[in-house]
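# Commentary on secondary and tertiary structure
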Amino acid sequence: MFPVIPVGNLFEIPVYGILFMAGVLAAAAAGRRMGPQAGISGEDIIYGAVYAFIGILIGAKAVYLLTKLPSLLSVMPAVRTAFQEDAGETLVYVVNYLLGGYVYYGGLIGAAAGVYCYCRQYKVSFLSYMDVFAPLIPLVHGIGRVGCFLAGCCYGIEYHGFGSVQFPKNKLIPVLDEVPRVPVQLLEAGCNFICFGIMLYLFYKKRLRGGRLLGIYLLYYSAVRFALEFLRGDGIRGNVGILSTSQLISLVLIPAGIFLAGGRLERRR
């Protein structure tokens, strides 16, 4: 685990943030080359990616807060009392709590919404943009999951067999080093990189267009995420019964994936 890079005695740079930005830059570079194949200029790819990035931050945080809404409401009386006793320390705690925690599916929805806003504003074909955008999603996500592994977040369940990982002590996640765990972050990263390769093949060789690539991605990732959730050891996404929030969203996205992969949206244009 390698969560931060110290810069002298001044501050620390989170490795997850570095890898996430590296993934975004790699996707932007690839998107500039792919764009003309779908009739989208390289400039539109870059500027649309900025909208997508803003959407990721808003969407991932919004869905996280929704999953935490019941617990937030339950602790409000205690927060109010603590604020009266020590306003400064309580405010810092609340801000740190709100800044921490993101949900991937919220970021995915936010990114799509950001791209849609850009396409509407600058008269760019949303479907054509998504033909380029869809193959790049697993690239960014895969690199980001490697960052999760290094940071120790999104960790797996207890596991003592082949390939298990024993994380070192992490003061931000006290339970992390208690037992060996499934390296579920790396499993998901690998699945994303495989998806990226498949999507590139379908984009260049099969020339799938009209939102079909997005549909294939949604089908592939929803199935992978639903399965991998059983190996997750953290509960940051929240649960509804025996299923996590991410599993429920996966089930909702599968019909959408079937609809798009079948080219039905393209035929309605």
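Here's what I pulled together on the structure shown here. (Residues numbered from 1 in each chain as written. Predicted model: local features only at pLDDT ≥ 70, side-chain atom pairs only at ≥ 80, totals over all residues. Heavy atoms only, no water.)

A word on helix α9 (residues 245-261). Across its 17 residues, α9 extends 24 Å between first and last C-alpha, which sits within 8% of the 24 Å expected from 1.5 Å per residue. A maximum bend of about 25° is found in α9 at L253, where proline P255 lies one to four positions downstream. By the burial criterion, the buried members of α9 are T245, S246, Q247, S250, L253, G257 and L260. (Helix = DSSP H or I, 4+ residues; strand = E, 2+ residues; numbered from the N terminus. Expected span 1.5 Å × (residues − 1). Bend = angle between axes of the 7 residues up to and from the residue. Buried < 20%, exposed > 50% of the residue type's maximum accessible area, 1.4 Å probe, protein only.)

Among the surface-exposed residues, F2, I5, L10, F11, I13 and I18 lie close enough to one another that they form a single nonpolar patch of about 560 Å² accessible area. Position of I5 relative to the elements: it lies in strand β1 (residues 4-7). (Patch = residues over 30% accessible without salt bridge, like charges linked within 9 Å, V, L, I, M, F, W, Y side chains within 5 Å. Areas by Shrake-Rupley, 256 points an atom, 1.4 Å probe, with all protein chains shown as cover. Salt bridge = Lys/Arg side-chain N within 4 Å of Asp/Glu carboxyl O.)

We now examine unusual backbone geometry. Here the phi dihedral of K123 falls at roughly 55°; this positive angle occurs in a residue that is not glycine. With respect to the secondary-structure elements, K123 resides in the loop between α5 (104-121) and α6 (126-151). Of note, C154 is a non-glycine position whose phi angle comes to about 55°, a positive value. Structurally, C154 is set in the loop between α6 and α7 (184-204). The class of C154 is buried, set by a relative accessible area of 16%.

Quick look at the pattern of salt bridges now. Per the stated rule, a full pass over the model turns up four salt bridges. Here R145 and E188 are joined by a salt bridge, their closest N and O atoms 3.3 Å apart. Remark: E188 occurs in helix α7 and R145 occurs in helix α6; sequence separation between them is 43 residues. With its nearest N and O atoms 3.6 Å apart, the salt bridge here joins E229 to R232. Summarising the burial analysis for this pair, E229 and R232 share the class buried. What emerges from the salt-bridge pattern is a single network uniting R225, E229, R232 and D234.

With their axes 6 Å apart at the nearest point, helix α2 (residues 42-67) and α5 run at an angle of 140° to one another. The pairing of α2 with α5 is recorded here as oblique in orientation. At the point where α2 passes α5, the crossing takes the right-handed sense. Residues E43, D44, Y47, G48, Y51, A52, G55, I56, G59, A60 and V63 of α2 touch α5, and the partners they reach there are G106, G107, G110, A111, G114, V115, C117, Y118 and Q121. Each residue belonging to the contact of α2 with α5 can be placed in one class, and the counts come to 10 nonpolar, eight polar and two charged. (Axes fitted to C-alpha atoms, helices over the stretch in contact; angles between N-to-C directions. Parallel < 35°, antiparallel > 145°, perpendicular 65-115°, else oblique. Left-handed = near helix turned anticlockwise from the far one by under 90°. Contact = heavy atoms within 4.5 Å. Nonpolar A, V, L, I, M, F, W, Y, C, P; charged D, E, K, R; others polar.)

Turning next to the pairing of β1. Of the pairings in the sheet, the one linking β1 to strand β2 (residues 11-14) comprises four bridges and is antiparallel in character. Looking at the pairing, P6 lines up with E12 of β2. Counted between consecutive antiparallel strands, the loop separating β1 from β2 contains three residues, among which G8 sits at a positive phi close to 60°. (Pairing = 2+ DSSP bridges.)

This part takes up the state of the cysteines. Under the definition given, this model contains zero disulfides. The closest cysteine sulfur to the non-disulfide-bonded C119 is located on C117, 9.4 Å from its own sulfur. Counting only cysteine sulfurs, C191 is the nearest neighbor of C195, a cysteine outside any disulfide, at a range of 9.2 Å. For C195, a relative accessible area of 3% puts it in the buried group. (Disulfide = S-S within 2.5 Å.)

The subject of this paragraph is the packing of helix α1 (residues 15-34) against α6. Where α1 contacts α6, the axes come no closer than 8 Å and their chain directions differ by 160°. Relative to α6, α1 is oriented roughly antiparallel. Where α1 crosses over α6, the two elements pack in a sense that is right-handed. Of the residues in α6, those touching α1 at V15, Y16, L19, F20, G23, V24, A26, A27, A30, G31 and M34 are V132, P135, L136, L139, V140, I143, G144, V146, G147, C148 and L150. Counted by class, the contact of α1 with α6 contains 18 nonpolar, four polar and no charged residues.

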